Structures are given as C-alpha cells and as structure tokens.
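# Understanding the architecture of this molecule
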Amino acid sequence: VQLVESGGGLVQPGGSLRLSCEASGFTFSSSAMGWFRQAPGKEREFVAAIGWGGGSTTYGDSVKGRFTISRDNARNTVYLQMNSLKPEDTAAYYCAARNSITRQITWTKYDYWGQGTQVTVSS
C-alpha cells in the first residue's frame, strides 16, 4: 500500500494550494479517505474526510468553508483544495485511507498513511 502526497509548499496568507494524494496497493474506490494535519508540538488534527463515492464529506471546524476535499476514483487520487489560507494552517498534511466505505474523523480509524507534505503559510 502506498499513499503519496504532493502539492505542499510555502504560500502567503490568503493564498491557495491544492494537495493531491495518489493511492496504490488497495481498492481505492471502496475506501473512505481523509486528510489530517499536525503542527510541531501539537496533536494530529482532523481536516477533512470523504466517503467512497465522493458524495459525502466532513470537515474540521477550523477549515469549514475554506477547504474542499474531493476524489477521482479513476485516478486513485484524493485532493484537498485549500483557499484563504491562514498562518495557523501551517502544518504537515497527511493523507489517510480506511478499509471501509464510510468516512471517519478519528485518526485511529484509518489503516494506511502517507508520508506527509509540508504546508507553510507565511508572509
């Protein structure tokens, strides 16, 4: 199983980034996917999750209205569009997959993890 994130980087406050996570080694179309983040010295935080078909999504309170999770089952890829970025969004962002079709907000419910991609929001 592999989850490979990309798209992180340095962006100014108010800017946008799109993260991608390409999956392989499991049945992506039957798996709920999630994004989590972790800043230095802080606990892992739920960002967003999406069900197997892409029609159901859930967001953390701190990103609602600014971030959008989506997936392309034909490409085995999940995305996180991040708009109106704030300095407090600075963190390592991780993609995660579940052996289940239903999304979850708790990181312990996920079975596979990517290596993470760094997002830094700073002027």
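Read on for a plain summary of the structure. (Residues numbered from 1 in each chain as written. Predicted model: local features only at pLDDT ≥ 70, side-chain atom pairs only at ≥ 80, totals over all residues. Heavy atoms only, no water.)

Further remarks concern the overall build of the protein. Across its full length, the protein holds zero helices and eleven strands. Secondary structure elements of the protein occur, N-terminal to C-terminal, as β-β-β-β-β-β-β-β-β-β-β. Its C-alpha radius of gyration of 13 Å places the protein within 12% of the 14 Å reference for a compact globule of 123 residues. Structurally, the protein occupies a C-alpha span of about 40 × 30 × 25 Å along its principal axes. Sorting the 123 residues of the protein into buried and exposed places 42% on the buried side. Summing over all exposed atoms, the protein offers an accessible surface of approximately 6,200 Å²; the carbon and sulfur share of this is 44%. Across the protein, the mean location of the 12 positive side-chain charges is 4 Å away from that of the 9 negative side-chain charges. (Helix = DSSP H or I, 4+ residues; strand = E, 2+ residues; numbered from the N terminus. Rg over C-alpha atoms; globule rule 2.2 N^0.38 Å. Buried < 20%, exposed > 50% of the residue type's maximum accessible area, 1.4 Å probe, protein only. Areas by Shrake-Rupley, 256 points an atom, 1.4 Å probe, with all protein chains shown as cover. Lys, Arg positive; Asp, Glu negative; His and termini not counted. Charge placed at Lys NZ, Arg CZ, Asp CG, Glu CD.)

It is worth spelling out the pattern of salt bridges at this point. Counting across every chain of the model gives five salt bridges. The closest approach of N and O atoms between R37 and E45, which form a salt bridge, is 2.9 Å. With relative accessibility at 5%, the residue R37 sits in the buried group. Its relative accessible area of 29% is what places E45 among the partly exposed residues. (Salt bridge = Lys/Arg side-chain N within 4 Å of Asp/Glu carboxyl O.)

Moving on to the packing of aromatic side chains. This structure, assessed with the given rule, holds seven aromatic pairs. With centroids separated by 6.4 Å and ring planes inclined at 70 degrees, the aromatic side chains of W107 and W113 adopt a geometry described as edge-to-face. Residue classification places W107 among the partly exposed positions, given a relative accessible area of 40%. Here W113 falls in the partly exposed class, since its relative accessible area comes to 26%. Here the aromatic residues F36, F46, W107, Y110 and W113 are joined through ring pairs into a cluster of three or more. A cation sits over an aromatic face here: R44 above W107, 4.3 Å from the ring centre. The ring of W113 has R44 lying over it, and the distance from NZ or CZ to the ring centre is 4.7 Å. (Phe/Tyr/Trp six-rings, centres within 6.5 Å; stacked < 30°, edge-to-face > 60°. Lys NZ or Arg CZ within 6 Å of the ring centre and 35° of its normal.)

Turning next to the pairing of strand β5 (residues 45-50). Within β5, five of the six residues are buried, which leaves it mostly tucked inside the rest of the structure. Relative to β5, strand β4 (residues 33-38) runs antiparallel, the two being bridged by five bridges. Its bridge partner being in β5, W35 is matched across the sheet by A48. Connecting β4 to the antiparallel partner β5 that follows it, the hairpin turn spans six residues, and G41 within it adopts a positive phi of roughly 80 degrees. With three bridges connecting them, β5 and strand β6 (residues 57-59) associate as antiparallel partners. In the strand pairing of β6, A48 is matched with Y59. Hairpin connection of β5 to β6: six residues between the antiparallel strands, including G54 at a positive phi of 90 degrees. (Pairing = 2+ DSSP bridges.)

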